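Listed below are the residues making up each chain.
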Amino acid sequence: MRDYISLRAQALLAKKPVKRGDVILTSKPFCTLLDSSVIGCYCEYCFVSFVKDRLLMRCSGCGRAYYCSEMCRDLGRALHWRECAVFRRRPNYQPKDSARFLARLIWVLKDGGEARVEKIDDKRSRRFKDLVSHRREVNRDEEQTRNLDSLMPDLRQLVGKRAMPTRDYLLEIFGKVRVNSFCLLDDRLTPIGTSLYLAASYIDHDCHANAFVTFFRNKLVVRSLVDWPNLDWSRVRISYLDIMNTRAYRQDYLAHHYYFTCDCRLCRDDAHDRLASTVPCGSCGSPVHLDEEAEGAVGPCDACCNKSFPDNLRQDYRRVADLTRLHLKDLNEANPDLEVWMEVVAAQEGLMHPLNLLRAKALDTLLMAIFVRQGWHTAWGLAKKNHAAMRHYYGAKHPTYGLFLMKLGKIELCNLAFSDAFEHLREAEEILEAGLGSNHRLVFDDLTWLLIQASEEKKIQIQRSLIYGNHFTAPSSCQQHAEAHSHAHARGRS
């Protein structure tokens, strides 16, 4: 896997074929902010995480910023020193993160940021003035104008009345941040902050994207998900949202947050969208579309023409769909409520087709709830149930599907299904190396270690079969569960 991270390499890429997994852009941050909820866990400048052998140094002035080295402290001073002075005067002051980011950006612009240029290739470059603001749309959006008004008290404290921009220019800056900023992710793909990148703002959206964004510390890296005979920047696309959503949700989200209507291939695919709301045919098991807004009977089935569906099917579907959406709205992604999602999945059983979008989301959430509690045997059944849906919605080469395969491989490893684990982890490796890069921590550390374990266990299993022949019998399900539990503890100790 080739990793090009220099501007020179980017220029060369524009002149020769680009392979899937190649880095096509590396963008440096124009303005960044670490979320207040994770302060002390990451370096304020480069966002390296706290580790045992690298203690973070605390800012001697305000005590609110942490740095991994003196160099990062010096480099981060340009963004921090003004708010540091405010925090020293008001030790208990807790401004909103969005106000802090806007204040930092205002000072970056006043310190010469308007003149800064970031190259995309030999022919393209971006300045802050090139960023789209959608100022008129933002100004007509009452929710966003109220949001900006709520930030004004903090902005006056952080920027001061003399340095405060005019209302029109502040609205333009606010719009550019809303439309062009990126959510920063750490090396575990956990959201940790907000950043603005000039070069990366050039890339438009497509639900069926051909490029993928990752982060290496504070730098943004864009990798191609397809092969290009010649790289065409006018056709490079990334996705601004999770594509595992209905067309209506995606269109509404993009219109509300980015003020445009997506007309990509996926959004024009009516069959794909109809499959998101389906029930199983009682005769052949095929997916049958169910329109929640319609009335009357459901069906017939397109595959077998079956028309025998329960009279109350649409009403029952609406009830369970509303229950699922309610809990998805209040979802704690880091630690889903196990009992709640067991109830939701049980209510969906037999009512929603395996490729139903709400069914796939509920199974994935329940899988995460059980995964974090190391319920390997139950997790295995859920992962197998949801495998086809994850592949359908993300596609066979999407990094998110690769992460699912990595999780599935770990679950299979803990259930002593070593051959299946090895195959799924190898497939995940090929996908994630292209999307995240071979040097990403999830690939270089986590996935590599899982592959080593699966490979070694697979060899041992083959050796046992050769030694014992037909006399060798696989452990019972109870033995498998006990052995998997001991394997998990052994890996935890190592």
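Residues numbered from 1 in each chain as written. Predicted model: local features only at pLDDT ≥ 70, side-chain atom pairs only at ≥ 80, totals over all residues. Heavy atoms only, no water.

**Q** I'm lost on the overall build of the protein chain in this one. Help?
**A** Broken down by element type, the protein chain carries 16 helices and 14 strands. In terms of overall size, the protein chain behaves like a compact globule, its C-alpha atoms giving a radius of gyration of 26 Å where 494 residues would be expected to give roughly 23 Å. Along the three orthogonal principal directions, the C-alpha set of the protein chain runs to about 80 × 60 × 55 Å. Looking at the protein chain residue by residue over its 494 residues, the buried ones come to 47%. Residue pairs in contact within the protein chain that sit at least 24 positions apart in sequence constitute 64% of those at least 6 positions apart. The positive charge centre, built from 71 side chains, and the negative charge centre, built from 62, are 7 Å apart in the protein chain. (Helix = DSSP H or I, 4+ residues; strand = E, 2+ residues; numbered from the N terminus. Rg over C-alpha atoms; globule rule 2.2 N^0.38 Å. Buried < 20%, exposed > 50% of the residue type's maximum accessible area, 1.4 Å probe, protein only. Contact = heavy atoms within 4.5 Å. Lys, Arg positive; Asp, Glu negative; His and termini not counted. Charge placed at Lys NZ, Arg CZ, Asp CG, Glu CD.)

**Q** It is not clear to me how the pattern of salt bridges should be interpreted in this structure. Could you clarify?
**A** A side chain of one charge can pair with a side chain of the opposite charge if their charged atoms are brought near each other. Scanning the model with the defined rule gives 28 salt bridges in all. A salt bridge links glutamate 83 to arginine 100; the shortest N-O distance between them is 2.8 Å. Of this pair, glutamate 83 sits in helix H2 (residues 70–89) while arginine 100 sits in helix H3 (residues 97–110), and the two are 17 residues apart along the sequence. Each of Glu44, Glu83, Arg100 and Arg104 takes part in one network of salt bridges that share partners. (Salt bridge = Lys/Arg side-chain N within 4 Å of Asp/Glu carboxyl O.)

**Q** Explanation requested: the pairing of strand E2 (residues 29–34) in the structure shown.
**A** It is a general feature of regular strands that their side chains alternate between the two faces of the sheet. With six of six residues buried, E2 lies mostly within the body of the structure. Both E2 and strand E8 (residues 191–197) contribute to a ladder of five bridges, which runs antiparallel. Paired with leucine 34 across the strands is glycine 193, a residue of E8. (Pairing = 2+ DSSP bridges.)

**Q** How should the packing of aromatic side chains be read in this particular structure?
**A** The geometry of an aromatic ring pair is captured by two quantities: the separation of the ring centres and the angle between the planes. Scanning the entire structure with this criterion turns up eleven aromatic pairs. Measuring from ring centre to ring centre gives 6.4 Å for tyrosine 253 and tyrosine 258, while their planes differ by 55 degrees; the resulting arrangement is tilted. Owing to a relative accessible area of 22%, tyrosine 253 belongs among the partly exposed residues under this scheme. Residue classification places tyrosine 258 among the buried positions, given a relative accessible area of 12%. Taken together, the aromatic side chains of Tyr240, Tyr249, Tyr253, Tyr258 and Phe260 make up a single cluster linked through ring pairs. Seen from the ring of tyrosine 93, arginine 90 lies directly overhead, with NZ or CZ sitting 4.3 Å from the centre. Directly above the aromatic system of phenylalanine 128 lies the positively charged group of lysine 176, at a separation of 4.5 Å from the ring centroid. (Phe/Tyr/Trp six-rings, centres within 6.5 Å; stacked < 30°, edge-to-face > 60°. Lys NZ or Arg CZ within 6 Å of the ring centre and 35° of its normal.)

**Q** I would appreciate a short explanation of unusual backbone geometry in the present structure.
**A** Among all residues save glycine, negative phi is the norm, and among peptide bonds the norm is trans. The phi dihedral of leucine 189 is positive, around 65 degrees, even though this residue is not glycine. When you line up the elements, leucine 189 lands in the loop between strand E7 (182–185) and E8. Given a relative accessible area of 28%, leucine 189 falls into the partly exposed group. One non-glycine residue, arginine 217, adopts positive backbone phi at about 55 degrees. Within the element layout of this structure, arginine 217 appears in the loop between strand E10 (211–216) and strand E11 (219–224).

**Q** Looking at this structure, how should I read the packing of H2 against H3?
**A** In a packed pair of helices, the relevant descriptors are the angle between the two axes and the axis-to-axis distance. Relative orientation of the contacting elements H2 and H3 amounts to 125 degrees, with a least axis distance of 9 Å. When the axes of H2 and H3 are compared, the pair comes out oblique. In this structure, H2 meets H3 at a crossing whose hand is right-handed. Between H2, through Leu79, His80, Arg82, Glu83 and Phe87, and H3, the contact on the second element is made entirely by Arg100, Arg104, Trp107 and Val108. Per-class residue counts for the contact of H2 with H3 are four nonpolar, one polar and four charged. (Axes fitted to C-alpha atoms, helices over the stretch in contact; angles between N-to-C directions. Parallel < 35°, antiparallel > 145°, perpendicular 65-115°, else oblique. Left-handed = near helix turned anticlockwise from the far one by under 90°. Nonpolar A, V, L, I, M, F, W, Y, C, P; charged D, E, K, R; others polar.)

**Q** Help me understand the packing of helix H9 (residues 313–329) against helix H10 (residues 338–348) in this model?
**A** As a packed pair, H9 and H10 sit with axes 10 Å apart at the nearest point and diverge in direction by 155 degrees. Considering their axes alone, H9 and H10 lie roughly antiparallel with respect to each other. In the crossing of H9 with H10, the sense of the turn from one axis to the other is left-handed. For the pair H9 and H10, contact is made by Val320, Leu323, Thr324, His327 and Leu328 and by Val340, Trp341, Val344, Ala347 and Gln348, respectively. Across the contact of H9 with H10, the residue classes tally to seven nonpolar, three polar and no charged.

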